[in-house]
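# Inside the fold
As a plain string of letters, each chain reads:
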Amino acid sequence: LIAPEETGSYMGFWKIRNVKGDGFGVGSLTKAFWVQINVVEGVGTMFDFNSRAGEAAWGGGYIPVDFISPGEEILSFDSQGTSIEPFVSLKNEQVLEGGRVSEILLAVFPPPGQGNYIIGRFPDYKVNAGDLLFGRVGLITNPNGTCGNGDVDFRINLMVDSDLTTLILLGEWHEICEGQLRTFEIDLDGYKGETAQIFLTIIANTDSEENFAVWDSLTIHR
C-alpha cells in the first residue's frame, strides 16, 4: 500500500481471494478486514535548496526577468566564471559580511551592470501545512575580509502548477555589504496542497565586479 500525500486518516476494506476468485483465510469469508493508515505531518527540513540546486534550471539576462525559459540565456550550474562572467555554484568556507566563515551555501554572481540578473527555477514542491521558507541573504566579502561595493536585489517568487498567471513575489531584499546578513522566514501555509515552483533571482544594481551574492541556509521546514 502507498500512503496518500495529504495528511489525514484513511481506511480501506479488503477480502482475500485466489486467482480463481475463491475466498480463503481465517474467519467468515463474507466479512472484510480493514487497514487504517494515519498520515501525519513530518517535521524538519522538507526541501534543501543547496542539495537541489543542481536540479534547478538556471539562466541569465537583462530585466525584465524572464520566468518562462527561465532567463534569456542558459547558465550552467557550478560553473566558476571569472571577475566579469556570471556563475552560480555551491561554495564553502566563505567570509561573509559580519566576519562569519560560512558552511556550504549557494553563491550567485550576476554579470556587472545595472539590470543584469541570474534566475533559478527549482523542482516541484508539494506544500503542506506549517511549511516555512527560511534563509539568509547577503554578500561575500573581499579576500581580505573587507566589505566591497556589491549592490544587488534578492527576489523569491512562487508559481503554482507551472501556471505563470499564479506567479507571486514572496520576498524582495536590497542588499549592500553593510556588516551583516539579513534573515527571513516566509509562511507558505496559504499554499497548502499546491504543487509549487520557486524562483530565486539576483539582480545587479551597479557595474560592480563585487556582487558576490549568497543564499545562506535556504530551506523549507516545518
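This is a predicted model, so every value here is computed, not measured. (Residues numbered from 1 in each chain as written. Predicted model: local features only at pLDDT ≥ 70, side-chain atom pairs only at ≥ 80, totals over all residues. Heavy atoms only, no water.)

## Observations concerning the environment of A57
- Looking at where A57 falls in the secondary structure, it is placed in strand 4 (residues 57–62).
- In this structure, the C-alpha to C-alpha distance between A57 and R121, residues 64 residues apart in sequence, is 5.1 Å. (Helix = DSSP H or I, 4+ residues; strand = E, 2+ residues; numbered from the N terminus.)

## Considerations on the state of the cysteines
- Counting across every chain of the model gives one disulfide.
- A disulfide bridge connects C147 with C177, and the sulfur atoms are separated by 2.0 Å. Looking down the S-S bond of the C147 and C177 bridge, the torsion is -65°, so its handedness is left-handed. Pair noted here: C147 is in the loop between strand 10 (132–139) and strand 11 (151–160) and C177 is in the loop between strand 12 (163–176) and strand 13 (182–187), with a separation of 30 residues, a long-range link.
- Overall, C147 belongs to the partly exposed group, its relative accessible area being 36%. (Disulfide = S-S within 2.5 Å. Buried < 20%, exposed > 50% of the residue type's maximum accessible area, 1.4 Å probe, protein only.)

## Details of the pattern of salt bridges
- Going through the model one piece at a time under the given rule, you end up with six salt bridges.
- For E55, the salt bridge goes to R52, with nearest N and O atoms at 2.7 Å.
- E55 gets classed as partly exposed once you look at its relative accessible area, which sits at 47%.
- Across the pair D216 and R100 runs a salt bridge whose closest N-O atoms are separated by 2.5 Å. Of this pair, D216 sits in strand 15 (residues 213–221) while R100 sits in the loop between strand 6 (87–91) and strand 7 (105–109), and the two are 116 residues apart along the sequence.
- When salt bridges with common partners are traced through the structure, they connect R100, R136 and D216 into a single cluster. (Salt bridge = Lys/Arg side-chain N within 4 Å of Asp/Glu carboxyl O.)

## Here's the deal with the nonpolar core
- Among the nonpolar cores identified, the biggest contains 36 residues, and L133, I156 and W215 are the most heavily contacted of them.
- When contributions to this core are tallied by element, the ones reaching two or more residues are strand 7, strand 10, strand 11, strand 12, strand 13, strand 14 (195–204) and strand 15.
- In terms of residues, this core owes the most to one element, strand 11, which gives five residues.
- Judged by nonpolar contacts, the second largest core, of eight residues, contains L105, A107, F109 and I140. (Core = buried A, V, L, I, M, F, W, Y, C linked by side-chain atoms within 4.5 Å.)

## As for the packing of aromatic side chains
- Counted according to the given criterion, the structure contains twelve aromatic pairs.
- Ring centres of F67 and F199 lie 5.2 Å apart, and the angle between their planes is 90°; this geometry places the pair in the edge-to-face category. Separated by 132 residues along the polypeptide, F67 in the loop between strand 4 and strand 5 (73–74) and F199 in strand 14 bring together distant segments of the chain.
- Ring geometry for F109 and F212: centres 4.7 Å apart, planes at 25°, overall stacked. Of this pair, F109 sits in strand 7 while F212 sits in the loop between strand 14 and strand 15; the two residues are 103 residues apart in sequence, bridging distant segments of the chain.
- Looking at F109, the relative accessible area reads 0%, which means it is buried. (Phe/Tyr/Trp six-rings, centres within 6.5 Å; stacked < 30°, edge-to-face > 60°.)

## A closer look at the side chain of N116
- Following the sequence through the fold, N116 ends up in strand 8 (residues 116–121).
- In this structure N116 comes out as buried when scored by relative accessible area, which is 17%.
- A distance of 2.8 Å separates a polar side-chain atom of N116 from the backbone oxygen of P112.
- In contact with N116, other than residues within four places in its own chain, are G61, Y62, P110, P111, I202, I203 and A204. (Polar contact = N/O pair within 3.5 Å; in protein donor to acceptor, adjacent residues only side chain to side chain. Contact = heavy atoms within 4.5 Å.)

## Brief notes about a nonpolar patch on the surface
- Among the surface-exposed residues, W14, I16, F24 and F33 lie close enough to one another that they form a single nonpolar patch of about 400 Å² accessible area.
- Considering the arrangement of structural elements, one finds I16 in the loop between strand 1 (8–14) and strand 2 (33–39). (Patch = residues over 30% accessible without salt bridge, like charges linked within 9 Å, V, L, I, M, F, W, Y side chains within 5 Å. Areas by Shrake-Rupley, 256 points an atom, 1.4 Å probe, with all protein chains shown as cover.)

## Let's talk about the side chain of T201
- Among the structural elements, T201 can be located in strand 14.
- Excluding residues within four positions of it along the chain, T201 makes contact with V65, Y117, I118, I119, D153, F154, R155 and W215.

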